Amino acid sequence: MFLAILNPLMRIIEIPMLALQRLLGMRLFAWAFLAPNLILFGLFAFLPVILNLFYATTGGDNVLLADRPDVGLRNFVTLTDCGSYLDPNTCREDKFWRAVWNTTWFVTLQVGFMVGFALLTAIILNRDIRARGFFRAVFFFPVLLSPVVVALIWKWILQREGVLNAFLDWTGMGGINWLVDAQWAFAWSVFISVWAHMGFYTLILLAGLQAIPRDVYEAAIMDRASPWRSFTRITLPLLAPTMLVVLVLALIKGVQTFDEIYAFTGGGPGTATTFIIQYIYEEGFAGAPRLFGLAAAASLMVAAVLVVLTLIQLWVNRRNVDG
Amino acid sequence: MFVTYMVNQGGTTVLKTSFAATTAVATSFALLAGAAAAQEIRFMCYSDGNECEVYDDVLTRFEADNPGVDVIVDVVPYQAILENLPVQLAAGTGPDMAKVTDLGGLNEYYLDLTPYIDTGYWDASFGGTLDWYRVGDRQGYYGMHSQLTITGAFVNATLFEQAGIEMPGADATWEEWAAAANAVAAATDTPFPMAIDRSGHRVAGPAISYGAQYFDGEGNGSFAGFEPFAAQFVAWNEDGTMARDVWAGQGGATYQDAAQEFINGELVFYYSGSWQVGRMDEQVGDFFDWQVVGSPCGPAGACSGMPGGAGIVGFEQTEHPEIVAAVIDYLAQEDVYAEVAARTRNLPAHLGVASAGVEFQNASPAAQAALNAFAADLPDVSPIAFAYQGYAGNRAMFGITVERLSQAIVGELSVADAVGRMSDDLAAAMAESQ
């Protein structure tokens, strides 16, 4: 029935396709199919990157490139002018370096905790436990939430008169102003990010665990290997390729962190939770004057870091494929 | 067309019917005589209270009197006016007209209304506020200041009464208010003695009272003299006099008010401004008694608040400059302006309306008294504050103030370093804006 409808339709489509093929030839015909996607990619991905290169070498606060004076590498010099890169107070653009260091610490802690907890969760969910499907759904659920929703939920929990402080007051421990203290705000930002994204990486690791052949474990049992030995000598080595992919993906995602933390703390207190993407946004779009050049230069520096991380991922993938 | 409105003359409310609006409508009729097709004007508007709703209503009458003209009021959040509008204008995709607060900062995009309006009437009606929209050699007529605001303090009178502490007098200093607010908070177990909105505009009045000059000898923006206030403000945030949540609970230059804390009865002394009166009136109700006490005095001898507000401007990129000008001129007519001021409960910037007095609609006695208190505080506003409000670089200075002062409050920078960074940031911002 379905084919009876489809076949005549395909014959109708075939007529212009054949004509086009005769007109263009086989080689150009392929480009005709690729063209729509290439145009969209070029307009919305490639062209902005090129424009960004130009913006990074211009100054002023005008939007149109034609109205922007060429300043060469001045924006890059401004960003990298530091007495010591370890101390943002010695840097000309101290906010940039605060954001760089905040991002570095955040990514280190977030990725470390997230990969660790995701692995632990995946191992538990891979076992034959009761209500396994339910728990898999529970751990994956936060991934489905919008970043702003995640931020608002936790803001309601952690604000001065939030749920957590109400509970602490009830137990007699007294509340803490979590979001006004720099250390607490940063720690909660890491926690929330892990909570929100862990489910995704758990899912990938779970797939990796399920790909490990059962007979390897059965052989280990027959050799009377302990569970710990099975884990360190079988699970971890065979899961390593998946772990590397998870690690690189989490690193890239961690560097790009913006929306949920921006909605959660606004980057405060002070600059305690201001990360690099927020710095770029504020310099380019929220502040006055709008320093598009400085923002573009900073974004190119972030892009360079992301390119390195992506190359590592590609290299890891290729090594896996090559065995 | 006849517009009827209530005005207060010598303490008596009288009903006036004016022909002034008729003149404006007739002018716009003449301007539109050749326009046969429907012409759509987009008005980007934000509300502190009900402003956009009232404009929409008033402009419906304009549309009725001008067949073929459709003024669409796009109500947007204030953040969109601050962040999206400048980008839209720079990209040439902005609206035809908007209600703005960055009065001088957007001057390059403004439509000069001079050819379309009676400049004599505008000079007589809006006086000095017209200068707030002018920058450099662009000295035309650009904006109708639709709501005049002034910063000042709201006080929870019930808490003072419960604490049995007398409120400081009319010329009390910031220190005296801080001591009194601390005493009241301690006696009544109130979480916060004082709070100032997280805004560079809001701290400008107190900073001037502490000696901030905001301009150098050549009239360029400067943070000279800002440090005494910065030191005091940071100290108050550290010792709990100021609600630390307001400034330390955010990052960047994000605006944050403390109105909800005041409305909840958690705050003794709240420094904000006249635009909050409507909100206080509606949301506090009879929960507690509140009053406006204006701006306290500082060691520099000034007791200055900061003027401000919003204005309606047209943009050069509009395809219908004559209609945009006609709409703004219509809203600038004394009878229409008086009606809008009364319905929105805003202080009028129109000198004729202000001198006649406004009978604010649906305002409680407390709100009426508060608005009068704010109006009475206008003579105390320092000339520096007026100049700062009209300075084209003030938006950059407001943002820098918030960012760096917040860093000093949370301990990322010392007060001296924060003020030093403010000067560096300002120099960089001005260099980029040249």
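Along its sequence, chain A is organised into domain 1 (1-46) and domain 2 (74-322). Measuring from the centre of the C-alpha atoms in domain 1 of chain A to the corresponding centre in domain 2 of chain A gives 42 Å.

Our focus in this paragraph is the nonpolar core. Among the nonpolar cores identified, the biggest contains 198 residues, and Trp122, Tyr214, Phe226, Trp290 and Leu331 of chain B are the most heavily contacted of them. Core analysis: the second largest hydrophobic core is formed by eleven residues, Ala151, Leu158, Trp178 and Ala196 of chain A among them.

Turning our eyes to something else, we now look at the pairing of strand β5 (residues 97-100) of chain B. Residue and element names in this part refer to chain B. Where burial is concerned, the two faces of β5 agree: the one with Met97 and Lys99 and the one with Ala98 and Val100 are both buried. Direction of pairing for β5 relative to strand β10 (residues 307-314): antiparallel, over a ladder of four bridges. Of the residues in β10, the one forming a bridge with alanine 98 is valine 313.

Our next topic: the packing of helix α8 (residues 227-239) of chain B against helix α18 (residues 415-433) of chain B. All names here are of chain B. Remark: α8 packs on α18, axes separated minimally by 10 Å, with the N-to-C direction vectors making an angle of 130°. The angle between α8 and α18 falls in the class oblique. Read as a crossing pair, α8 and α18 show a hand that is right-handed. Contact residues: α8 offers Glu227, Ala230, Ala231 and Val234, while α18 offers Val415, Ala416 and Val419. Tallied by class, the residues present in the contact of α8 with α18 amount to six nonpolar, no polar and one charged.

So, about the state of the cysteines. Scanning the model with the defined rule gives three disulfides over all chains in all. With a sulfur-sulfur separation of 1.7 Å, cysteine 82 of chain A is cross-linked through a disulfide to cysteine 91 of chain A. Across the disulfide from cysteine 82 of chain A to cysteine 91 of chain A, rotation about the S-S bond amounts to roughly 110°, and the bridge is consequently right-handed. Here the two residues cysteine 82 of chain A and cysteine 91 of chain A agree in accessibility, since each one is buried. Linked covalently through their sulfurs, cysteine 297 of chain B and cysteine 303 of chain B form a disulfide whose S-S length is 2.0 Å. Taking the torsion about the sulfur-sulfur bond, which here is approximately 90°, the covalent link between cysteine 297 of chain B and cysteine 303 of chain B counts as right-handed.

With that settled, the discussion passes to the domain arrangement of chain B. Residues and elements named next belong to chain B. Taken domain by domain, chain B comprises domain 1 (3-140 + 318-364) and domain 2 (149-307 + 378-433). The straight-line distance from the C-alpha centre of domain 1 to that of domain 2 is 30 Å. At the interface, 15 residues of domain 1 touch 13 residues of domain 2. Summed over both sides, the interface of domain 1 with domain 2 buries roughly 1,200 Å², with 51% coming from carbon and sulfur. Among the residues domain 1 hides against domain 2, the three largest losses belong to Trp132, Arg345 and Leu347. Together they make up 44% of the total. Our count for the domain 1 to domain 2 interface comes out at three salt bridges. In this structure, the salt-bridge partner of arginine 395 is aspartate 102, at a minimum N-O distance of 4.0 Å. Looking at side-chain class alone, the side of domain 1 that touches domain 2 contains seven nonpolar, five polar and three charged residues.

With that out of the way, let us pick up the pattern of salt bridges. All names here are of chain B. For the structure shown, the criterion picks out 23 salt bridges over all chains. Residues arginine 345 and glutamate 282 are paired through a salt bridge, measuring 3.1 Å at the closest nitrogen-oxygen approach. Linking arginine 345 in the loop between α13 (334-344) and α14 (351-356) with glutamate 282 in helix α11 (residues 277-284), this pair joins segments that are 63 residues apart in sequence. Residue arginine 345 is classed as buried on the basis of its relative accessible area, which comes to 12%. A relative accessible area of 57% means that glutamate 282 is categorised as exposed.

Tallied over the entire structure, the rule returns three cavities of 30 Å³ or more. Approximately 120 Å³ is the volume attributed to the largest cavity. Lining of the largest cavity is provided by Lys95, Gly270, Thr271, Thr274, Tyr279, Glu282 and Glu283 of chain A together with Arg198, Gly252, Glu403, Ser406 and Gln407 of chain B. Split by residue class, the lining of the largest cavity holds one nonpolar, six polar and five charged. Here the second largest cavity defines a volume of roughly 40 Å³. Looking at the second largest cavity, the residues that line it are Tyr55, Met144, Ser146, Leu331, Tyr337, Val340, Ala341 and Thr344 of chain B. Every element with two or more residues in the lining of the second largest cavity is listed here: β6 (143-156) and α13 of chain B. Looking at which element gives the most residues to the lining of the second largest cavity, the answer is α13 of chain B, with four residues.

Procedures and definitions
- Per chain, residue numbering runs from 1 following the sequence as it is written.
- Chains and ligands are labelled by the order in which they are written, letters from A for the one and numbers from 1 for the other.
- The predicted nature of this model means local features are confined to residues of pLDDT at least 70 and side-chain atom pairs, given and counted, to a pLDDT of 80 or more, with totals for whole chains, interfaces and linings taken over all residues.
- The side-chain values count all of the structure's non-hydrogen atoms but skip hydrogen atoms and water molecules.
- Start and end positions for the domains come from either an automated domain assignment or a database one.
- What makes a nonpolar core is a set of buried Ala, Val, Leu, Ile, Met, Phe, Trp, Tyr and Cys residues whose side-chain atoms join them at distances within 4.5 Å.
- Residue exposure (1.4 Å probe, protein chains only): buried if accessible area is under 20% of the type maximum, exposed if over 50%, otherwise partly exposed.
- Under the scheme used here, helices are H or I runs from DSSP no shorter than 4 residues and strands are E runs no shorter than 2 residues, and both carry numbers assigned from the N terminus.
- Between any two strands, pairing holds if DSSP finds at least two bridges.
- For helices, the fitted axis covers only the stretch in contact; all axes are lines through C-alpha atoms, and the angles between them, taken along N-to-C directions, range from 0 to 180 degrees.
- Each angle gets one of four labels, with under 35 degrees taken as roughly parallel, over 145 as roughly antiparallel, 65 to 115 as roughly perpendicular, and the rest as oblique.
- Rotating anticlockwise by less than a right angle from the far helix to the near helix defines a left-handed crossing, while the corresponding clockwise rotation defines a right-handed one.
- We call two residues in contact whenever any of their non-hydrogen atoms come within 4.5 Å of each other.
- Three classes are used: nonpolar for Ala, Val, Leu, Ile, Met, Phe, Trp, Tyr, Cys and Pro, charged for Asp, Glu, Lys and Arg, and polar for all others, with Gly counted as polar.
- The criterion for a disulfide is a pair of cysteine sulfur atoms lying within 2.5 Å.
- Buried area: the sum, over both parts, of the accessible surface (1.4 Å probe) that disappears when the two are put together.
- Put simply, a salt bridge is a Lys or Arg side-chain nitrogen that is within 4 Å of an Asp or Glu carboxyl oxygen.
- Of the grid points, spaced at 1 Å and generated over the protein atoms alone, those admitting a 1.4 Å probe that cannot get out make up cavities, while open sets with protein on both sides within 12 Å along at least five of seven lines make up pockets; any residue with an atom within 4 Å of a point is treated as lining.
- Grid points are joined across faces, edges and corners, and a volume is the space filled by probe spheres set on the points.

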